[in-house]
Amino acid sequence: MTEARVSKMKRLWGMAIDLDKCTGCGACSLACNQENNMPIFQDDSDYPKRVAFLDLMKITNDRDAKFPDVKTAFLPKMCQQCGGQDPKHPGQLNPPCVSVCPAVATDVGDDGIVSQIWSRCIGCRYCQAACPYEARVFNWWKPRYEGSFKNALNPEVSIASRGTIVKCTFCSHIWKRERDKAVAAGKLNINDVLHTPACVKSCPTGAIVFGDLNDPESEVSKLTKSDRAVRLTNYIDTLPKEKQAEFRKKKSYADPKVYYLTSQKWLKDMLFFKKNS
Amino acid sequence: MKKINRKDFLKVGAGAAAGGVAGYVLSGAPFMAFQAIVEWTQDQYVPVGGIESYMQAVSDTCTSGCKVSVRKIGARSIKIESAEGVCTSCLNSLQLVYHPERIATPLKLTGKKGSGKYKAVSWDEALKDIATRMNALISGGEANSIAAINKNETLSGQMMEKFIRSAGSNNVYYESSLKSAESAVLGGYLKYDFAGTDYILSFGSRLLEGWGDPVQMKKYFLNWKAKGTKLVQADTVCTRTASLADEWVPVKPGTEAILAYGIAYHLITAKKQSSSGADFTKWSQMIINKYPLPKVAALTGIKEEQIIKIAEDFNKAKRPVAVAGKGGTGAIASSAEIIAVHCLNTLVKTNAVSVVKNSAVSYKSDFSGIDSLAKNGNFKMLILNDSNPVYKSVLGDDLKKKMEKSFVVSINTIKNDSSEYADYILPALTFLETGTPGNKPVNGAWKEAIDPKDIIIKLSKMINKTAGAFPASAIDAHRGAGSEIAAGAGFSFYFDKTKSEIEGFEKKVSKNSEFPLTMIPIEMALVGDGDGMAFPYVLKNIDWHTFSAGKLWVQMNRETAKKEGISEGETITIASARGKLGKVKVHLSDVVAPDTVAIPLGFGHESYTEYGNDKGVNPKKIMTAEVDPVTGTADFWSTRVKIS
């Protein structure tokens, strides 16, 4: 019998995005591209081929509503950092993309971050198929950085090769940077290290909040308990509590750690692909 | 037929195999495979490491004056951060700083204008030539034929204004037209107290999508939510601002001013309010006769009760503001519309709106605006200060012809549609490389480029008439920056000049059998009115119903599309009385009003780096180009079009 591993990491990183505050300015996307060394092609507007971690989606209810009963909203969509739940291993983190990886290129940390090591990826794209949120992107071409654009590259994020999957990691390299600074300052408690991902820092209306879901006092924890909070297409959230426990014994759920907050009923419906009016 | 024996069979087999091998080798496939192996086995480029540091900078090239903190690794700047909010052009400024197509040295035209043939010359040679020509014009009594177009009213724009005026010319223009249009109408531009207002009535101003000062607007927006400030948004398209507003007034295309007339009508007749502006009696008489409520309701598509409700609420509010200027980054309004909307402010005598001006910017030139310069101007020399009027003016093609015949100098960081017609292109540094009195430059200078303010200073020292206009260096020039002061001008309805437009509104928006639809611009936050297109990270943000796979998408209401026989994804051409646009695709969406085509602005650059080129069409080429008699700019907002 092997002893159960006890982790010193007590944090569980999560995000809450207040869509009522989002104006769709695109700052989060710009900051993410800069921080994470997104490749630069001649036509990056070519949507299906684009490599970007954060997709600022424009959403309208025009499928079901008629002018002028329509609404427009924006939704910054990045990796939802699924906790994942597996009926066979209750209480463990089990994101849908991690278990399918044959090369152990992607893993989930004790802090809940679904990581990816670009250079370990063999390009089978199983994880991309398993991802419920299309949050993983594949480098169909060799990432390019034309001439002097190379000067703006961040040394903390490695450059991917052609034929690998890349993804948002909640800017975990910034956490490592903060950790190194803490260690240098003599602070050795891992749980004292906090960080802010690039998109969160750049949001001019403070719509994106990041923090520890395990800490009930953190702002993000409080927001996730709001009536406005909703997780993307996580169907089990809509069921009554007793039903949830019953379903969890039978089925796997993504259980993302990104919460969207909206007071708009149409948008909530939309996030579950429900018909709305 | 000859019988095939075993030997023949083997020969044919060997021949086919040899052919196969030769074909495989000649096809290049093995070499591609080698390349793949090389790429696979060798790691990608590794960014150079170094010591981390942070440096502070204040932007003196954007109108928000953003304060940024730059993360550096060694000598490289790798990330823009800001504690106080930052505009998107500053947030993305590293893509400008490190743009591979940045201009390295002064360039002199060697071929025909527009040919793009330039050779590198020294600063001395370029400035000497420019100064000689300028001195010749001034001493020949033709100083007024020197014109300049600034991108905005920041310090280098103010310095350019001072330079041109001290050279004896009256021809200084600014690209952003809302401030200059308002100044032409009101003697200053409007300053709204967005922080203190309790009721905002916006006539198509997409307040949260780039309008005005985008950094401040976001802060105000949070404040509105906290305080319960009511935002009423009139717009033809359900933009994000309209969705975030407390009330969206879905007016028919191009009828924002008529809605203002309806509200004014109610305030004047039912509420007995009056404005102190000159010509108010004549103006109000005309509105009462010409735009009674039932007619306004029919023209705008808004019910009478709703118009009355808005008017009542506006009247009741403590510090209401009525905001003119349709659009986001490229906001525009005609003089009649500015007057109609500002009239509402004066009718309810709100103290949340004031008329101010910048002490260093006059907006007074021979032609009242950039479009009238393009149409009627006869300059012999034109200096472009980071501006792109050829792309942004609806009369850009007219301006292009004038630029072909005159001597043009363009001060730029990267080439744009307008600098293609320049005799000299002078490379300018960005705000991260120039520094301000409080901050050292974040980056070292780029090749031979110099501070645009220093270019103006250097040039001014070589012109006899302007030699004493500026201090020795750009850093000292910061002390001379203009400040915001009260304009103290009286409000006039300019009844004689705008009469025909007030009358014309009705005809403009009524049924037209030749051009049954109306084209309205929409903007993407990062693209704005075109400046963002040179930057790949902006392109990464474009949604696929705006631009994808090399095609620009327009949006049309489903019912209208059905009437026109258009289906989702179909390719169409749009034509107005001015001409035809290239092919665009149609996305059917009810966020757009019936009988309207919503087209994104900012696309279709002729020359704006590898990234901005060949991306869609520029709708301004066919947009309404009737130059307003007071503002000198064309209110391009609504254009009657047909599709085929």
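Scroll up a little and you will see the structure.
Just so we're clear, the structure is a prediction, and the values are computed from it rather than from any experiment. (Residues numbered from 1 in each chain as written. Chains lettered and ligands numbered in written order. Predicted model: local features only at pLDDT ≥ 70, side-chain atom pairs only at ≥ 80, totals over all residues. Heavy atoms only, no water.)

Participant: I keep staring at the overall build of chain A and nothing clicks. Help me out?
Facilitator: When helices and strands are tallied, chain A shows 7 helices and 10 strands. Computed over its C-alpha atoms, the radius of gyration of chain A comes to 19 Å, within 12% of the 19 Å expected for a compact globule of 277 residues. Residue burial in chain A is summarised as follows: out of 277 residues, 58% are buried. Considering only residue pairs separated by 6 or more positions, chain A has 67% of its internal contacts joining residues 24 or more positions apart. On chain A, roughly 12700 Å² of surface is accessible, and the fraction owed to carbon and sulfur atoms is 53%. (Helix = DSSP H or I, 4+ residues; strand = E, 2+ residues; numbered from the N terminus. Rg over C-alpha atoms; globule rule 2.2 N^0.38 Å. Buried < 20%, exposed > 50% of the residue type's maximum accessible area, 1.4 Å probe, protein only. Contact = heavy atoms within 4.5 Å. Areas by Shrake-Rupley, 256 points an atom, 1.4 Å probe, with all protein chains shown as cover.)

Participant: In this structure, what is going on with the overall build of chain B? I would like to understand it.
Facilitator: Each helix and strand in chain B was counted, giving 24 helices and 26 strands. Taking the principal axes of the C-alpha coordinates as reference, chain B spans close to 110 × 70 × 50 Å. Counted over contacts in chain B with a minimum sequence separation of 6, partners at least 24 positions apart contribute 72%. Just so you have it, chain B exposes about 24600 Å², and 54% of that area is on carbon and sulfur atoms. The averaged location of the 66 negative side-chain charges in chain B is 3 Å from the averaged location of its 79 positive side-chain charges. (Lys, Arg positive; Asp, Glu negative; His and termini not counted. Charge placed at Lys NZ, Arg CZ, Asp CG, Glu CD.)

Participant: Mind showing me how you'd approach the environment of A:Ile236 here?
Facilitator: All names here are of chain A. With respect to the helices and strands, the residue Ile236 is situated in the loop between strand S9 (229-230) and helix H6 (241-248). Note on Ile236: relative accessible area 0%, which makes it buried. Separated by 23 residues in sequence, Ile236 and Tyr259 place their C-alpha atoms 14 Å apart. Among residues more than four places away in sequence, those in contact with Ile236 are Gln244, Phe247, Arg248, Tyr253 and Asp255.

Participant: Mind showing me how you'd approach the interface of chain B and chain A here?
Facilitator: Often, the extent of an interface is quoted as the loss of accessible area on bringing the components together. Listed per partner, the contact involves 72 residues of chain B and 67 residues of chain A. Here chain B packs against chain A, burying approximately 6100 Å² in sum over the two surfaces, 56% of which is carbon and sulfur. Between the two partners, chain B and chain A, sit 6 salt bridges. Between B:Glu81 and A:Lys201 there is a salt bridge; the shortest N-O distance is 3.6 Å. Where chain B packs against chain A, one counts 28 residue pairs in polar contact (both at pLDDT 80 or more). Counting residues per element, the side of chain B that touches chain A draws most heavily on strand S3 (residues 76-81) of chain B, which supplies 6 residues. Residue classes in the side of chain B that touches chain A are distributed as 37 nonpolar, 18 polar and 17 charged. (Buried area = accessible area lost by both parts, 1.4 Å probe. Salt bridge = Lys/Arg side-chain N within 4 Å of Asp/Glu carboxyl O. Polar contact = N/O pair within 3.5 Å; in protein donor to acceptor, adjacent residues only side chain to side chain. Nonpolar A, V, L, I, M, F, W, Y, C, P; charged D, E, K, R; others polar.)

Participant: Help me understand the sheet that holds strand S16 (residues 424-427) of chain B, please; the structure alone is not making it clear to me.
Facilitator: As a general point, the strands of a sheet are linked pairwise by backbone hydrogen bonds and lie either parallel or antiparallel. Residues and elements named next belong to chain B. Taken in spatial order, the 7 strands of this open sheet run S5-S4-S16-S15-S14-S6-S7, and their pairing is mixed. The open sheet has two edge strands with one neighbour each: strand S5 (118-120) and strand S7 (171-174). When the angles between neighbouring strand axes are averaged without regard to direction, this sheet yields 20°. Across 3 bridges, the pairing between strand S4 (residues 107-109) and S5 is antiparallel. Bridge pairing links Lys108 to Lys119 in S5. Across the face of the sheet, helix H5 (residues 123-139) comes into contact with S4, strand S6 (146-150), strand S14 (381-385), strand S15 (407-412) and S16 while running at roughly 125° to S16. (Pairing = 2+ DSSP bridges. Axes fitted to C-alpha atoms, helices over the stretch in contact; angles between N-to-C directions.)

Participant: How should I be thinking about the sheet that holds strand S8 (residues 208-212) of chain A in this particular structure?
Facilitator: Residues and elements named next belong to chain A. Ordered by their spatial adjacency, 4 strands build an open sheet running S8-S1-S10-S9, and the pairing between neighbours is mixed. Looking at the sheet topology across the chains shown, the edges are occupied by S8 and S9. Relative to S8, strand S1 (residues 13-18) runs antiparallel, the two being bridged by 5 bridges. Residue pairing across strands places Trp13 opposite Asp212, the latter belonging to S8.

Participant: Any chance you could explain helix H14 (residues 335-347) of chain B here in plain terms?
Facilitator: What sets the pattern is the α-helix's 3.6 residues per turn: residues three or four places apart point alike. Residue and element names in this part refer to chain B. End to end, H14 covers 18 Å across 13 residues, agreeing with the expected 18 Å (1.5 Å per residue, within 8%). The element H14 is largely enclosed, with a buried count of 13 among its 13 residues. Positive backbone phi, at 50°, marks Lys349, one or two positions downstream of H14. (Expected span 1.5 Å × (residues − 1).)

Participant: Would you take a moment to explain the environment of A:Leu75 for this structure?
Facilitator: Residue and element names in this part refer to chain A. Inspection of the secondary structure assignment puts Leu75 in strand S3 (residues 72-77). The class for Leu75 is buried, based on a relative accessible area of 1%. In sequence terms Leu75 and Leu54 are 21 residues apart; their C-alpha atoms lie 9.9 Å from each other. With sequence-adjacent residues up to four places away left out, Leu75 is seen in contact with Leu19, Asp55, Leu56, Met57, Ile59, Tyr260 and Leu271.

Participant: Quick question: what am I supposed to make of the side chain of A:Asp269 here?
Facilitator: All names here are of chain A. Along the polypeptide, Asp269 turns up in helix H7 (residues 265-271). You can call Asp269 buried: its relative accessible area is 9%. At 2.8 Å, the side chain of Asp269 forms a polar contact with the side chain of Lys265.

Participant: Is there a simple way to explain the packing of helix H10 (residues 256-269) of chain B against helix H13 (residues 304-316) of chain B in this structure?
Facilitator: Each packed pair of helices is defined by two parameters, the angle between the axes and the distance between the axes. Residues and elements named next belong to chain B. At a closest axis distance of 9 Å, the pairing of H10 and H13 adopts a crossing angle of 65°. As for the relative orientation of H10 and H13, their crossing is right-handed in sense. Taking contact as the criterion, the partners of Leu259, Gly262, Ile263, His266 and Leu267 in H10 are, on H13, Ile307, Ile308, Ile310, Ala311, Glu312, Phe314 and Asn315. The residue makeup of the contact of H10 with H13, split by class, is 8 nonpolar, 3 polar and 1 charged. (Left-handed = near helix turned anticlockwise from the far one by under 90°.)

Participant: Sorry, what's going on with a nonpolar patch on the surface here?
Facilitator: Residue and element names in this part refer to chain B. Together, Val21, Tyr24, Val25, Phe31, Phe34 and Ile37 line one region of the surface with nonpolar side chains, adding up to about 620 Å² of accessible area. Looking at the nonpolar patch, the elements with two or more residues in it are helix H1 (6-26) and helix H2 (29-41). By secondary structure assignment, the location of Phe31 is in helix H2. (Patch = residues over 30% accessible without salt bridge, like charges linked within 9 Å, V, L, I, M, F, W, Y side chains within 5 Å.)

Participant: Please explain the packing of aromatic side chains as it appears in this structure.
Facilitator: We describe a pair of aromatic rings using the distance from one ring centre to the other and the angle between the two ring planes. In total, this model carries 21 aromatic pairs over all chains according to the counting rule given. Measuring from centroid to centroid gives 5.4 Å for B:Tyr174 and B:Tyr363, while their planes differ by 65°, and the two rings are edge-to-face. Residue B:Tyr174 is found in strand S7, and its partner B:Tyr363 is found in the loop between strand S13 (353-358) and helix H15 (370-376); the two are separated by 189 residues along the sequence. For B:Tyr174, a relative accessible area of 4% translates into the label buried. Between B:Tyr199 and B:Phe314, the aromatic rings sit 6.0 Å apart at their centres with planes inclined by 65°, giving edge-to-face as the arrangement. Residue B:Tyr199 is located in strand S9 (residues 199-203), and its partner B:Phe314 is located in helix H13; the two are separated by 115 residues in the primary sequence. Just as B:Tyr199 is buried, B:Phe314 falls in that class too. Three or more aromatic residues joined by ring pairs make a cluster, and in this case those are B:Tyr261, B:Phe280, B:Trp283, B:Tyr291, B:Phe491, B:Phe493 and B:Phe505. A cation over an aromatic ring shows up here: A:Arg125 above the ring of A:Phe138, its NZ or CZ 5.1 Å from the ring centre. The lysine or arginine in question, B:Lys179, covers the ring of B:Tyr189, its NZ or CZ lying 4.6 Å from the ring centre. (Phe/Tyr/Trp six-rings, centres within 6.5 Å; stacked < 30°, edge-to-face > 60°. Lys NZ or Arg CZ within 6 Å of the ring centre and 35° of its normal.)

Participant: Would you mind showing me how to read helix H17 (residues 396-405) of chain B here?
Facilitator: All names here are of chain B. Within H17, burial applies to Gly396, Leu399, Lys400 and Met403. The arc that holds every buried residue of H17, seen down its axis, measures 105°, which confines them to one face. Across from the buried face of H17, at angles greater than 90 degrees, the exposed residues are Lys401 and Lys405. Packed against the buried residues of H17 are S6, H15, S14, helix H16 (389-392) and S15. (Arc of directions from axis to C-beta.)

What is shown is where atoms sit, not what they do.
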